[in-house]
Amino acid sequence: MHDSPALNISAIEKALGTQRALDDVSFTVPQGGIFGLLGPNGAGKTTLLRMLNGITAPDSGEIAFFGERLDRNHLPAIGYLPEERGLYKSMRVGEQALYFAQLRGMDKHEARTKLRAWFERLEVDGWWNKEVSEVSKGMAQKIQFILSVLHEPRLLILDEPLSRFDPLNAERVRDVITELKAEGKTTILLSTHDMGSVEELCDEVALMNHGELVLHGAVPELRESARDG
């Protein structure tokens, strides 16, 4: 459905043991642009992101993906950069990047071509034949960012994407995020607790705390409301 939101999250409930991780959470993410998911640690953001990636399921409620009930068939159209990074340390960088690209359904030749271009763009090209164990945390994060965008997903989920970067590399990645927004092909869901990134990058935001949705709206309107309050 062309006019459907990228995500329609409706009355989601999730309990983890005795704790209610998500409590009747509902909001929509429009197609295109950058949507901020804001909240402190323990707010329920990660639980929700895990649902969007098919890692866990809600106890009740529904998530629609571009007008269709979200299921595993949609996962190839989603890119995900988790906050907790994970690369296999014993593999070479290029070998591992090709492996993950093919898991996303990419042809090996196409993947190699696009990876080389991305590696050059983010200045990772000298690391293709190095083992992951030799790579710094910041460099590993750049590699995983590349892997999340390489297959040109309809929905790109970025969980604290600018953490662990020095200012120069944070600016490079921020520029890529802005360019992806301008191209208009990918809807970006940015999960963070950094209000500065939200104000700079996001069009709309949902604020969560203790598993509940606290507020939801356009960033300029929320900023104006906070100023008036």
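Structure's up top.
Residues numbered from 1 in each chain as written. Predicted model: local features only at pLDDT ≥ 70, side-chain atom pairs only at ≥ 80, totals over all residues. Heavy atoms only, no water.

## A look at the pairing of strand β4 (residues 60-65)
As paired strands, strand β1 (residues 7-16) and β4 are joined by 5 bridges and run antiparallel to one another. By the bridge assignment, Glu-13 is partnered in β4 with Ser-60. Hairpin connection of β4 to strand β5 (residues 68-69): 2 residues between the antiparallel strands, including Phe-66 at a positive phi of 50°. (Pairing = 2+ DSSP bridges. Helix = DSSP H or I, 4+ residues; strand = E, 2+ residues; numbered from the N terminus.)

## A short note on unusual backbone geometry
In this structure, Glu-160 is a non-glycine residue whose phi angle is positive, near 50°. By secondary structure assignment, the location of Glu-160 is in the loop between β7 (155-159) and α5 (167-183). Residue class for Glu-160 comes out buried when judged on its relative accessible area of 8%. Unusually for a residue other than glycine, His-210 sits at a positive phi of about 50°. Inspection of the secondary structure assignment puts His-210 in the loop between β9 (204-209) and β10 (212-218). Classification of His-210 as exposed rests on a relative accessible area of 65%. (Buried < 20%, exposed > 50% of the residue type's maximum accessible area, 1.4 Å probe, protein only.)

## Topic: the environment of Glu-13
By secondary structure assignment, the location of Glu-13 is in strand β1. In this structure, the C-alpha to C-alpha distance between Glu-13 and Ala-57, residues 44 residues apart in sequence, is 9.6 Å. If we ignore the near neighbours within four places in the chain, the residues touching Glu-13 are Arg-20, Leu-22, Asp-23, Asp-24, Pro-58, Asp-59 and Ser-60. Separated by 2.7 Å, the side chains of Glu-13 and Arg-20 make a polar contact. Polar contacts involving the side chain of Glu-13 include one to the main-chain amide nitrogen of Asp-24, which spans 3.3 Å. (Contact = heavy atoms within 4.5 Å. Polar contact = N/O pair within 3.5 Å; in protein donor to acceptor, adjacent residues only side chain to side chain.)

## Some words on helix α2 (residues 93-103)
Owing to its 3.6 residues per turn, the α-helix brings residues three or four apart onto one side. If you check which residues of α2 are buried, you get Val-93, Gly-94, Gln-96, Ala-97, Leu-98 and Ala-101. Those residues of α2 hidden inside the fold are in contact with α3 (108-121) and α4 (137-149). Once α2 ends, the next one or two residues include Gly-105, with phi positive near 90°.

## Quick word on the packing of aromatic side chains
Inspection of every chain in the model, using the stated rule, returns 5 aromatic pairs. With a centroid separation of 5.5 Å and an interplanar angle of 65°, the aromatic rings of Tyr-99 and Phe-100 are classed as edge-to-face. Taken together, a centroid distance of 5.2 Å and an interplanar angle of 65° make the contact between Phe-119 and Trp-128 edge-to-face. A single burial state applies to Phe-119 and to Trp-128, both of which are buried. Ring pairs connect the aromatic residues Tyr-88, Tyr-99 and Phe-100, which therefore count as one cluster. Here the guanidinium or amino end of Arg-116 rests over the ring plane of Trp-128, the centre of that ring lying 4.0 Å away. Positioned above the aromatic ring of Trp-127 is the side chain of Lys-130, whose terminal nitrogen or guanidinium carbon lies 5.9 Å from the ring centre. (Phe/Tyr/Trp six-rings, centres within 6.5 Å; stacked < 30°, edge-to-face > 60°. Lys NZ or Arg CZ within 6 Å of the ring centre and 35° of its normal.)

## What to know about the pairing of strand β2 (residues 19-29)
Two faces make up the sheet, and in a regular strand the side chains alternate between them. Where β1 meets β2, 7 bridges bridge the pair, whose relative direction is antiparallel. Residue pairing in the sheet places Asn-8 in a bridge with Thr-28 of β2. Here β1 folds back onto β2 in antiparallel fashion, the turn holding 2 residues, of which Gly-17 has a positive phi close to 65°.

## Digging into the environment of Val-198
Locating Val-198 in the fold gives a position in helix α6 (residues 195-201). On the basis of relative accessible area, Val-198 is assigned to the buried category, the value being 0%. Sequence-wise, Val-198 and Ile-34 are 164 residues apart; in three dimensions their C-alpha atoms are separated by 9.1 Å. Those residues in contact with Val-198 that lie beyond four places of it in its chain are Leu-38, Thr-192, Val-205 and Val-219.

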